[in-house]
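Chain and residue survey
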Amino acid sequence: MPGYNSLFLSRIAASSKRLGAGFTYYDKLNGRIGVVERGGSRAFFGAGPLKLWPFNSSLWMSVVDDKELTIRILAENDIRVPKTFIAFTGGTDLSDRGKRSSSLERVLSEISYPVVVKPNRGRSAAGLSFLYDSSNVSEAVAYAKEYDNGILFQEMVQGAEYRVLVLDGRPVVLIERETRKMTGDGVRNISKLTAGSGESDGRVLGRGEMISFRSYIAKYGDKVFDDDLLLAVHPASNLSIGGKVIGCQIEIAEEWKRLCRAIYESVPLRFFALDCKGHPGSPNRLFVLEINANPGIESVYRWSEATGDMIVDLLVEHALVHPE
């Protein structure tokens, strides 16, 4: 086996064996590209940070990499999204030329709190802040700017958090997630309580304010929180920052099917992850937050190995039968 160890490609290799297909490493030195072959058909899969799946056009992958553009397209197609503003700090690169945007000062005069601040381009909640008032705006903007000079200010939506994996307009699995939390013990201070927690780039909820983890430690590192006091370690539910899967469904309600089909018709990606928040079953209370054109499948495996294998087999089989 080549030198690069990819859990994703090992799952693709195992799926190939289950489906009676062959799997080889196309990149024989590092093993970051795998190819599945069966009966004259073949499909390529990549190991991160390469694009993992062989389904989507480069055009539409580029579109959804631009969060503001994606939100605007969805809104223009009558799909419910949070109210969103974009501002640029510093010069804009070529990919942002022609984009209609407002100055940071104007956006700050128009937004209402609470608000989510994040980079226009980015993933895994990098550069994300949740603000309940204006006291930490400068820090939130500086944090987002570390990842992109386009800064999004987005209405904060309340409710449960969901990720849906969608294949050719059909939802194949619905995942409910929640944020990671920790509990005060009345003995250890925050610096000791969070040591080794993997939250070096995370955010912490502290007495009603959201600031960066590093600033939180500088301000509250010596603080001992009360025994059994529950603290949100990060306001987002991404698994890469400690989020937790609390539910996984493959029997999916009609409202989700209608939503996925509408999004597929607006943003024609063959395979994508849909991130939503709100209250399914309540009219006008489910919002689309983002679309991910290169989603991982580890959240499914965290719920169930068998369900994860079933989903991967479906995707590998689809790639062989319906190549791009």
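Since the model is a prediction, treat every value here as computed from it, not as a measurement.

1. Description of the sheet that holds strand 1 (residues 22-25)
Paired through backbone hydrogen bonds, the strands of a sheet run either parallel or antiparallel to each other. Ordered by their spatial adjacency, three strands build an open sheet running 1-2-3, and the pairing between neighbours is antiparallel. The strands lining the two open edges of the sheet, one partner per strand, are strand 1 and strand 3 (41-46). Strand-to-strand twist in this sheet, taken as the mean axis angle between neighbours without regard to direction, amounts to 20 degrees. Examined bridge by bridge, strand 1 and strand 2 (residues 33-38) share four bridges and lie antiparallel to one another. The residue of strand 2 that forms the bridge with Thr 24 is Val 35. The strands touched by helix 1 (residues 7-18) within the sheet are strand 1, strand 2 and strand 3, with strand 1 carrying the most contacts at an inclination of about 150 degrees.

2. Things to note about the sheet that holds strand 7 (residues 150-155)
With antiparallel pairing, the four strands of this open sheet are ordered in space as 4-7-5-6. Each edge of the open sheet is held by one strand with a lone partner, namely strand 4 (84-88) and strand 6 (129-131). Taking the axes of each pair of neighbouring strands and ignoring which way they run, one obtains an average angle of 25 degrees across the sheet. Each of strand 4, strand 5 (115-119) and strand 7 is contacted by helix 3 (residues 67-76), which is oriented at about 40 degrees to strand 7, the strand it contacts most. Taken strand by strand, helix 5 (residues 137-145) contacts strand 5, strand 6 and strand 7, and its axis lies near 30 degrees from that of strand 5.

3. Describing the packing of helix 2 (residues 58-65) against helix 3
Between helix 2 and helix 3, the least distance of the axes is 5 Å, while the angle of their chain directions is 100 degrees. Between helix 2 and helix 3, the crossing angle belongs to the class labelled roughly perpendicular. Contacts from Trp 60, Val 63, Val 64 and Asp 65 in helix 2 reach Lys 67, Leu 69, Thr 70 and Ile 73 in helix 3.

4. With respect to the nonpolar core
Phe 8, Ile 12, Val 36, Phe 45, Trp 53, Leu 165 and Val 173 are the most contacted members of the largest nonpolar core, which totals 31 residues. No other element matches helix 10 (residues 305-321), which puts six residues into this core. The contact partners of Phe 45, leaving out residues within four places of it in the chain, are Phe 8, Leu 9, Ile 12, Arg 32, Ile 33, Gly 34, Val 36, Leu 52, Trp 53, Pro 54, Val 316 and Ala 319. Val 64, Ile 79, Phe 272 and Ile 291 belong to the second largest nonpolar core, which has 26 residues in total.

5. Observations regarding the pairing of strand 15 (residues 271-278)
The buried fraction of strand 15 amounts to eight of the eight residues, a majority that puts the element mostly inside the structure. Relative to strand 15, strand 8 (residues 160-167) runs antiparallel, the two being bridged by eight bridges. Paired with Leu 165 across the two strands is Ala 273, which belongs to strand 15. In terms of strand pairing, strand 15 meets strand 16 (residues 286-292) through six bridges, oriented antiparallel. Considered in strand 16, the bridge of Asp 275 is made with Glu 290.

6. What to know about the pattern of salt bridges
Applying the stated criterion across every chain, the model contains 16 salt bridges. One salt bridge in this structure joins Asp 66 and Arg 121, with 3.4 Å as the shortest N-O distance. Of this pair, Asp 66 sits in the loop between helix 2 and helix 3 while Arg 121 is found in the loop between strand 5 and strand 6, placing the two residues 55 residues apart along the sequence. Take Asp 66 and Arg 121: they sit in the same class, and that class is buried.

7. Some remarks on the packing of aromatic side chains
A full pass over the atoms with the stated rule returns nine aromatic pairs. Seen from their ring centres, Tyr 26 and Phe 44 are 4.8 Å apart, and the 85 degrees between their planes marks the pair as edge-to-face. Separated by 18 residues along the polypeptide, Tyr 26 in the loop between strand 1 and strand 2 and Phe 44 in strand 3 bring together distant segments of the chain. Take Tyr 26: its relative accessible area is 47%, and that puts it in the partly exposed class. Among the aromatic residues, those joined into a ring-pair cluster are Phe 8, Phe 45, Trp 53, Phe 55 and Phe 271. Over the aromatic face of Tyr 301 sits the side chain of Arg 11, whose NZ or CZ is 3.5 Å from the ring centroid.

Thresholds applied
Residues numbered from 1 in each chain as written. Predicted model: local features only at pLDDT ≥ 70, side-chain atom pairs only at ≥ 80, totals over all residues. Heavy atoms only, no water. Pairing = 2+ DSSP bridges. Helix = DSSP H or I, 4+ residues; strand = E, 2+ residues; numbered from the N terminus. Axes fitted to C-alpha atoms, helices over the stretch in contact; angles between N-to-C directions. Contact = heavy atoms within 4.5 Å. Parallel < 35°, antiparallel > 145°, perpendicular 65-115°, else oblique. Core = buried A, V, L, I, M, F, W, Y, C linked by side-chain atoms within 4.5 Å. Buried < 20%, exposed > 50% of the residue type's maximum accessible area, 1.4 Å probe, protein only. Salt bridge = Lys/Arg side-chain N within 4 Å of Asp/Glu carboxyl O. Phe/Tyr/Trp six-rings, centres within 6.5 Å; stacked < 30°, edge-to-face > 60°. Lys NZ or Arg CZ within 6 Å of the ring centre and 35° of its normal.

Fair warning: the whole summary comes from geometry, so function is off the table for now.
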